[in-house]
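So the chains spell out like this:
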Amino acid sequence: MSFGETPITLVGNLTDDPELKFTEGGAALAKFTIAVTPRTFDRTSNAWKDGTTAFYRCAAWRTLAEHVADSLKKGSRVVANGRMRQHDWTTDQNEKRSMLAVEIDDIGASVRFTTVTINAKRNGQNGPGGNDPWATDSGSAGTSTADAEPPF
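Below you will find a few notes about this structure. (Residues numbered from 1 in each chain as written. Predicted model: local features only at pLDDT ≥ 70, side-chain atom pairs only at ≥ 80, totals over all residues. Heavy atoms only, no water.)

Take the overall build of the chain next. When helices and strands are tallied, the chain shows one helix and eight strands. In the chain, the succession of helices and strands from N to C terminus is β-β-β-β-β-β-α-β-β. For the chain, restricting intrachain contacts to residue pairs at least 6 apart in sequence, the fraction spanning at least 24 positions comes to 55%. For the chain, the exposed surface amounts to about 11500 Å²; the carbon and sulfur share of it is 48%. (Helix = DSSP H or I, 4+ residues; strand = E, 2+ residues; numbered from the N terminus. Contact = heavy atoms within 4.5 Å. Areas by Shrake-Rupley, 256 points an atom, 1.4 Å probe, with all protein chains shown as cover.)

Another aspect to go through is the pairing of strand β1 (residues 6–14). In terms of strand pairing, β1 meets strand β7 (residues 77–90) through eight bridges, oriented antiparallel. Residue pairing across strands places Leu-10 opposite Ala-80, the latter belonging to β7. Where β1 meets strand β3 (residues 28–36), two bridges bridge the pair, whose relative direction is antiparallel. Looking at β3, one finds that Asn-13 is bridged to Ala-35. (Pairing = 2+ DSSP bridges.)

Glancing now at the nonpolar core. Leu-10, Phe-32, Ile-34, Cys-58, Val-68, Ile-104 and Ile-107 are the most contacted members of the largest nonpolar core, which totals 18 residues. Of the residues forming this core, the biggest block, five residues, is contributed by β3. Among residues more than four places away in sequence, those in contact with Ile-34 are Leu-10, Gly-12, Asn-13, Leu-14, Ala-54, Phe-55, Tyr-56, Cys-58, Val-78, Ala-80 and Ile-107. (Core = buried A, V, L, I, M, F, W, Y, C linked by side-chain atoms within 4.5 Å. Buried < 20%, exposed > 50% of the residue type's maximum accessible area, 1.4 Å probe, protein only.)

Examined against the element boundaries, Glu-5 turns out to sit in the segment before β1. Reaching out from Glu-5, the side chain makes a polar contact with the side chain of Arg-83 at a distance of 3.5 Å. Of the polar contacts made by the side chain of Glu-5, one reaches the side chain of Arg-85; its length is 2.4 Å. For Glu-5, the residues in contact, after removing those within four places along its chain, are Arg-83 and Arg-85. (Polar contact = N/O pair within 3.5 Å; in protein donor to acceptor, adjacent residues only side chain to side chain.)

This paragraph deals with the layout of surface pockets. Estimates place the volume of the largest pocket at around 800 Å³. Taken together, 24 residues line the largest pocket, and the ones lying closest to its centre are His-67, Ser-71, Ile-107, Ile-118 and Asn-119. A per-element tally of the lining of the largest pocket places helix α1 (residues 62–71) first, with five residues. Tallied by class, the residues present in the lining of the largest pocket amount to nine nonpolar, ten polar and five charged. (1 Å grid on protein atoms, 1.4 Å probe; cavity = no way out; pocket = protein on both sides within 12 Å on 5 of 7 lines; lining within 4 Å. Points joined across faces, edges and corners; volume = space filled by probe spheres on them. Nonpolar A, V, L, I, M, F, W, Y, C, P; charged D, E, K, R; others polar.)

Everything listed here is a matter of geometry and, on its own, says nothing about what the molecule does.
Structure follows, in structure tokens:
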């Protein structure tokens, strides 16, 4: 992240399936919107109340974009980290426009209200233990079994 950028963490739901496109240079781009609705507890009515929903337009690039498109869908609850970016342009009618969007650096499914299954990949390949990215080769210096605790 560069100096002066505005970091942001969003926790919310995708409003639609991510839209995956490719630039002329071949870079993957996933565009999607995250809806974030704050909830507060109203002691007077003894009930939870929803606040005003904010909609954040988001973009993810390259491998992250492809993973987003393969993994997430409309309604997915996510936790996303990124940077607010302002985009300025001029319309065909010579009107100046601007919008804020979030360039996503990392995103994952929230497990607060559901469970997920991880299909971990490193550099496009599964780790040495199949789908377990923490597995070690049996020929490595340490002794590793499927039931062993991780080394941290």
